[in-house]
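Okay, here's what each chain looks like letter by letter:
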Amino acid sequence: MTDKKHKSKAETKHMETAGQTEDQAAVPVVALEEFEALAKQLEEAQVKAAEYLDGWQRSQAEFSNYKKRLEREQLGTAQLMRGAIISRFLPVMDDLQRALSNRPADEASQSWVGGIELIQRKLQGILDAEGVTRIEAEGKMFDPNLHEAISHEPSEAHESGQIIEVVQQGYMLGERVIRHSMVRVAQ
């Protein structure tokens, strides 16, 4: 009676004559099939990993673009709000300039004129600090992006489309017009 785990002497002898031991005969067939299965699994895993990496990179790029767009929108909103607030102070500047252009000539009013000039300089300093600039218009050619024409008048001293007079000063905040210059334009 032979044990199932042990091969007969004849079987062992046959394997030894073929140049293989019992362990070598079984291993190559199993190892090759297993190797091919593992190689296939590895290839599939690498394809999935590449897909996941591509998806992750796209998500990162989309998120980065979203953050940049959000920052631009917030800056634009902040600038619009600043422009709206500053534009409410521009009529005060206009009134101060009108008061200074009609100053009294007598000596007794000079302290009053000095006070108005001081207020006007302080307000102008605030506007300058906020980045507000005047739109230079007098003598320039009419530009509808910067100017608002309130009249077209014949003028021999000016060419057609040239600004004759600024009726109300215009202002810009950075590159954005917060108030157009009201002007008279030559025909």
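Quick note: structure is the one above.
Residues numbered from 1 in each chain as written. Predicted model: local features only at pLDDT ≥ 70, side-chain atom pairs only at ≥ 80, totals over all residues. Heavy atoms only, no water.

A. Structural view of the pairing of strand 6 (residues 181-186). Pairing of strand 2 (residues 147-153) with strand 6 involves six bridges; the strand directions are parallel. Considered in strand 6, the bridge of H152 is made with V185. When strand 3 (residues 163-168) meets strand 6, the two strands line up antiparallel, connected through four bridges. Looking at the pairing, I163 lines up with V185 of strand 6. (Pairing = 2+ DSSP bridges. Helix = DSSP H or I, 4+ residues; strand = E, 2+ residues; numbered from the N terminus.)

B. Representation of helix 3 (residues 90-101) in the model. Counted at 1.5 Å a residue, the expected span for helix 3 with its twelve residues is 16 Å, and the 17 Å between its end C-alpha atoms agrees. Among the residues making up helix 3, those that are buried are L90, M93, D94, L96 and L100. With its buried residues spanning 165° around the axis, helix 3 presents them on a single face. (Expected span 1.5 Å × (residues − 1). Buried < 20%, exposed > 50% of the residue type's maximum accessible area, 1.4 Å probe, protein only. Arc of directions from axis to C-beta.)

C. How the structure looks around the environment of N145. Along the polypeptide, N145 turns up in the loop between strand 1 (132-134) and strand 2. Counting along the chain gives 35 residues from N145 to H180, while the straight-line C-alpha distance between them is 7.8 Å. When residues no more than four places from it in sequence are discounted, the contact partners of N145 are V177 and H180. (Contact = heavy atoms within 4.5 Å.)

D. Structural context of the side chain of H147. Checked against the element boundaries, H147 lands in strand 2. Here H147 falls in the buried class, since its relative accessible area comes to 5%. Setting aside chain neighbours within four positions, we find H147 in contact with I135, E136, A137, M141, F142, I163, H180, S181 and V183.

E. How the structure looks around the sheet that holds strand 1. Strand order in the open sheet made by the three strands is 1-4-5, with antiparallel pairing throughout. On the outer flanks of this sheet lie strand 1 and strand 5 (176-179), each paired with one strand and no other. Across the sheet, the mean angle separating the axes of adjacent strands is 35° when strand polarity is ignored. Of the strand pairs in this sheet, strand 1 and strand 4 (residues 171-173) are connected by three bridges, and their pairing is antiparallel. (Axes fitted to C-alpha atoms, helices over the stretch in contact; angles between N-to-C directions.)

F. Spotlight on a nonpolar patch on the surface. A cluster of nonpolar side chains, contributed by F63, Y66 and L70, occupies part of the molecular surface with about 290 Å² of accessible area. With respect to the helices and strands, the residue L70 is situated in helix 2 (residues 22-87). Accessibility expressed as a relative area gives 32% for L70, which makes it partly exposed. (Patch = residues over 30% accessible without salt bridge, like charges linked within 9 Å, V, L, I, M, F, W, Y side chains within 5 Å. Areas by Shrake-Rupley, 256 points an atom, 1.4 Å probe, with all protein chains shown as cover. Salt bridge = Lys/Arg side-chain N within 4 Å of Asp/Glu carboxyl O.)

G. Structural detail: the packing of helix 3 against helix 4 (residues 110-129). Where helix 3 contacts helix 4, the two axes come as close as 10 Å, and the packing angle between them is 145°. Handedness of the helix 3/helix 4 crossing: left-handed. Mapping the contact onto sequence places L90, V92, M93, L96, Q97, A99 and L100 in helix 3 and V113, I116, E117, I119, Q120, L123, Q124 and L127 in helix 4. Here the residues of the contact of helix 3 with helix 4 are counted per class, giving eleven nonpolar, three polar and one charged. (Left-handed = near helix turned anticlockwise from the far one by under 90°. Nonpolar A, V, L, I, M, F, W, Y, C, P; charged D, E, K, R; others polar.)

H. Focus on the nonpolar core. In this structure, I86, L127, V132, Y171 and I178 are the most contacted members of the largest nonpolar core, which totals 13 residues. Elements with a contribution of two residues or more to this core: helix 3, helix 4 and strand 4. The residues touching V132, leaving out its near neighbours within four places in the chain, are I86, L127, Y171, M172, L173 and I178. (Core = buried A, V, L, I, M, F, W, Y, C linked by side-chain atoms within 4.5 Å.)

I. Spotlight on helix 4. With 20 residues, helix 4 should cover 28 Å at 1.5 Å per step; its first-to-last C-alpha distance of 28 Å lies within 8% of that length. Every buried residue belonging to helix 4 is among V113, I116, Q120, L123, Q124 and L127, and all of these are buried. The buried residues of helix 4 occupy an angular sector of 100° when the element is viewed end-on, so they sit on one face. When the buried face of helix 4 is taken as reference, the exposed residues oriented beyond 90 degrees from it are S111, K122, I126 and A129. Count one or two residues on from helix 4 and you reach G131, which has phi positive near 90°.

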